[in-house]
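Results of the structural survey
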Amino acid sequence: MVETPYRHPSSSSSSSSSMADTERANIRNICILAHVDHGKTTLADHLIAAAADGLVHPKQAGRLRFMDYLDEEQRRAITMKSSSVTLCFHDTYHINLIDSPGHMDFCSEVSTAARLSDGALVLVDAVEGVHIQTHAVLRQAWTERLSPCLVLNKIDRLITELRLTPIEAYSKLVRIVNEVNRIMSAYKAEKYLSDVDSLLAGAAGEILENLELVEDDEEITFQPQKGNVAFVCALDGWGFRINEFADFYASKLGASSAALQKALWGLKYYNQKTKMIVGKKGMGGGSKARPMFVQFVLEPLWQVYQAAMEPDGAKTLLHKVIKSFNLNVPARELQHKDPKVVLQAVLSRWLPLSDAILSMVVNCIPDPMRAQSFRISRLLPKREVSEDGPSSNVLAEAELVRKSVEACDSSPEAPCVAFVSKMFAVPIKMLPQRGPNGEILNNSTDEDGSGESDECFLAFARVFSGVLFTRQRVFVLSALYDPSKGESTTKHIQEAELHSLYLMMGQGLKPVASAKAGNIVAIRGLGQHILKSATLSSTKNCWPFSSLMFQVSPTLRVAIEPSDPMDMSALMKGLRLLNHADPFVEVTVSARGEHVLAAAGEVHLERCIKDLKERFARVSLEVSPPLVSYKETIQGEVTDVLENLNLSGGSLDYIERKTPNGRCCVRVQVLKLPPALTKVLDESSDLLGDIIGGKLGQSKKSNETQRSSRLEDDNPIEALRKRIMDAVEGDILGGTEESDKDQAEKCKAMWLQFLKRIWALGPRQIGPNILFTPDSRGVDTEFPVLIRGSSHVSERLGFVNESSNGGMDAEPSPLVTPALCREAESLESSLLSGFQLATAAGPLCEEPMWGLAFVIEARISPLEGQQSNELETCYQPLEQYGIFTGQVMNTVKDACRTAVIKKKPRLVEAMYFCELNTPTEYLGPMYAVLSRRRARVLKEEMREGSPLFTVHAYLPVSESFGFAAELRRWTSGASSALLVLSHWEALPEDPFFVPKTEEEIEEFGDGSSVLHNTARKLIDAVRRQKGLPVEEKVVQHATKQRTLARKV
């Protein structure tokens, strides 16, 4: 990758440095993924110390945390951003290592690291086992089609802390490996069932073509005998794979290394009498038989620890190990008084960590050529193009580009394609002062458009095809670019010149002249052209790479303003820089004009505020309390839906409103959607946007951005329709008793009929609320013409073949004229706008509605005093009440909001899934903190082999602010918590509760003395924040209190 090995980030070489000389087969791109505090950065330290040519001294490895170069990272002792370093192994292999965060607040950095990698080192703490973030990173690796390797870290804690015997430690390690394999098997089964569904939905001819998609891969992902599992202690710098012990014992036992490697994991035993490897039965009745992994691997390791750590340990054993393996251990280290130093000196030379990990990377993780051919369906999924689309030359070149990416073509003639996963800010003074040939660089130019800023933006990118050169001109493609549309998508493509290319070495940067396909580089010169991520291409006829998939969305929002109003311009500039530098932060301006900053969590928010104050804006800021998002819904159960669905039977359960001029009568009925259907609509919002907008064939963006488990459906519309029908059926039929089966079947049939009448979704046309077309069988003599609408969404989803447009087939009547029918058709957009406005701002506190279905029956009457033949030209005169379309819009909005109020409205709040780890003696204070914050405990279990309890709970997002600090304070820092956004949940309390029955009055008192419940308090807080009227007594007694004492 480089002609000369890297010495130091600040050094420069006078010789020409190019990344174009390394063979692609010798390149490995890997990232380290794990739960927080499982040892990622410590492991990276040892790999850098061994393979980065003096960048980190071996004595400092594990304690320096070289990749955590930000002050905030060192202070908090957690990684907050993904950073890359290049390692050289055996002077042949060049390994690009990306260290990623483990904290859930920075999961976006995990996504950016996974996209640029071909493989992943998944670390798991041998004591703590699999945690919630371990699930998340395994899902990320599976989604990005990475080849994973498992690293079981902190093996020493099994010996020194838990004091397990070798057989107990083996059982624990087997459980962890099996648990990780179960997670991966679940993802494989999910993909297998998805492929089967898509094939069954296709034609018979397609099944034969795609048969290879459903091959049942029974092979277990992580198998120590395959060599993709390592057992390490990153802090002390030692680690091993099974093959190292197999090679050592092969000559002693007279067996082949390959046979020993297969036998050293699992229930294989060594019979001392017969000198044979046998199963459990072959050992006879010996109950003390130990698996070979215990006998030949763990027991020698335990003996070395005992010899070094115990005061009366056999020191001769250490000398025996040193002599047997011909280790070069300095005498001063062996005579050190600290047994930990002696142990580290012996083990780090006997079982060097870097050799075990890097050899596993070279042997088990594919090179860029093999990896890109496997990942191409994820990186560049095939697009469907209409027949009347672009010329064949455009499609042919786009297909050529795709094949070049698939083959990782690094020839200069190949089209150059790269993907930028994020932009990151670097102080200009940190940029190298000399170029790859030793020339002095001018770093003060403002090619990034950042004005007087001291920050320079670099692109974190990987070259997938061709060769990148400095001063090369490339096209920057956004995710919405479509080469088949030609000039109509020019706003999604820009042309830029690459200023410089850098090899990343942690915080250091080394300039290089070029970068071949398969390499990871930092690019300067794209600051003005890329906000978060983009695709770089040397040709316009290239599809953009699929969008990154983020595990969560920014939920924590605060309003910020400068302490001094004169600093507003500096704050706005700082917000622009922060939005550019952080791949996950969102900066918006609210309807009230506030600058709102959205982050993933408290730690992420604190870092953003600190960066604003100290790096980007450099002004004093005022930060508001967190702005929590809520939803609004109505009370109701799935089993009660049948009574509410009788819309055609003249039900009086509706709200009726008339426009101010009296020409339009609006009747609204509201229903509650099945919870599973609401969840499907919410999770599939991006896919629904593409389907309803009619751009699914050209853009498969939805397949990457939605949180759906189906990654590569050949027919996403068919898959979504099946999910919707399964959700309705599961909610209605699930949990019903035998006596209610008939009623449930009727309810299901009615819902399936209603799915054929979906007019629109809201808010923003993709929300979890449905507008159904009205029933046209009713007759109203006063308002004869019905605004019927059309089943537009049902048609797009395939529930009906063609939309029903009923504006012209009304019952014959002297009042119904073609002009009046055309007027009704023109008012459809006003009715839709009213529905969108109502669902975007509910009646409780103007928060979006959630899981509601509306049936809006709007009828109009002819103008009084007008002849029917005059309606065509003067049906919408300017009158005292305003334009008629606006009247209809407002009336529909008010009627929908009133219907929700009438149906017992409820507030819906976001919930975190909370995983807590607490010692037994602090369970009481931990439960006290949870109860004060309205948490609901799901389960608790004691972790085997440790004094810790693991507690799972649901915690409202509104109660999560300051939760970690309060938990640490009440448990003296012994408890830790991890929060992950889980779901939305309706508060069961009625915000307008007033005691009516005798029992309620006896319990709560009369209406004047009832305190507001939790739901009402939350609603009032949101209304007060938005400047809406709140019913509250500001002053209860205006006069001063009189007391008998005369002291006042």
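Residues numbered from 1 in each chain as written. Predicted model: local features only at pLDDT ≥ 70, side-chain atom pairs only at ≥ 80, totals over all residues. Heavy atoms only, no water.

**Re the packing of aromatic side chains**
This model, assessed by the stated rule, comprises 21 aromatic pairs. Seen from the ring of Phe419, Arg115 lies directly overhead, with NZ or CZ sitting 5.1 Å from the centre. (Phe/Tyr/Trp six-rings, centres within 6.5 Å; stacked < 30°, edge-to-face > 60°. Lys NZ or Arg CZ within 6 Å of the ring centre and 35° of its normal.)

**Quick word on empty space enclosed by the protein**
In the structure shown here, the tally under the stated rule is 4 cavities of 30 Å³ or more. One number sums up the size of the second largest cavity: a volume of about 40 Å³. Lining the second largest cavity are Asp653, Tyr654, Ile655, Val668, Gln669, Val670, Ala899, Lys902 and Lys903. Listing elements by their share of the lining of the second largest cavity, those giving two or more residues are β26 (664-672) and α29 (884-902). With 3 residues, the top contributor of residues to the lining of the second largest cavity is β26. The residue inventory of the lining of the second largest cavity, partitioned by class, reads 5 nonpolar, 1 polar and 3 charged. (1 Å grid on protein atoms, 1.4 Å probe; cavity = no way out; pocket = protein on both sides within 12 Å on 5 of 7 lines; lining within 4 Å. Points joined across faces, edges and corners; volume = space filled by probe spheres on them. Helix = DSSP H or I, 4+ residues; strand = E, 2+ residues; numbered from the N terminus. Nonpolar A, V, L, I, M, F, W, Y, C, P; charged D, E, K, R; others polar.)

**Section: helix α3 (residues 107-116)**
Most of α3 sits inside the fold, with 10 of its 10 residues counted as buried. Residues of α3 that are buried include every one of Cys107, Ser108, Glu109, Val110, Ser111, Thr112, Ala113, Ala114, Arg115 and Leu116, and no others. (Buried < 20%, exposed > 50% of the residue type's maximum accessible area, 1.4 Å probe, protein only.)

**With respect to the environment of Glu941**
Relative to the elements of secondary structure, Glu941 occurs in strand β32 (residues 936-942). When the C-alpha atoms of Glu941 and Asn917 are compared, they prove to be 9.9 Å apart, with 24 residues separating the residues in sequence.

**Describing unusual backbone geometry**
At the junction of Gly762 and Pro763, the peptide bond is cis and its omega measures out at -5 degrees in the coordinates. Considering the arrangement of structural elements, one finds Pro763 in the loop between β27 (758-762) and β28 (769-772). Despite not being glycine, Arg163 has its phi angle at roughly 50 degrees, a positive value. Within the secondary structure, Arg163 sits in the loop between α5 (156-160) and α6 (166-201).

**Let's talk about the sheet that holds strand β16 (residues 508-512)**
Pairing within the open sheet is antiparallel, and its 8 strands lie in the order β14-β13-β19-β10-β11-β18-β15-β16. Each edge of the open sheet is held by one strand with a lone partner, namely β14 (493-497) and β16. Strand-to-strand, the axes of this sheet are offset by a mean angle of 40 degrees, without reference to chain direction. Pairing geometry for strand β10 (residues 417-427) and strand β19 (residues 534-537), over 4 bridges, is antiparallel. (Pairing = 2+ DSSP bridges. Axes fitted to C-alpha atoms, helices over the stretch in contact; angles between N-to-C directions.)

**Concerning the confidence of the model for the chain**
Residue-level pLDDT values for the chain average 79, and 81% of them are 70 or greater. In the predicted structure, residues 1-21 sits below a pLDDT of 50 and forms 68 contacts with residues beyond four places in sequence or in another chain. Every residue in residues 803-812 is under pLDDT 50, and counting partners more than four places away or in other chains gives 20 contacts. (pLDDT = per-residue confidence, 0-100. Contact = heavy atoms within 4.5 Å.)

**Some remarks on the pattern of salt bridges**
For the coordinates displayed, the defined rule picks out 40 salt bridges. With a shortest N-O distance of 3.0 Å, Arg157 and Asp125 are connected by a salt bridge. Of the two residues, Arg157 is situated in helix α5 and Asp125 in strand β4 (residues 119-125); the sequence distance between them amounts to 32 residues. Under the relative-accessibility criterion, Arg157 is labelled buried at 18%. The buried category is assigned to Asp125, whose relative accessible area is 0%. We note a salt bridge from Glu959 to Arg934, for which the minimum N-O separation is 3.3 Å. (Salt bridge = Lys/Arg side-chain N within 4 Å of Asp/Glu carboxyl O.)

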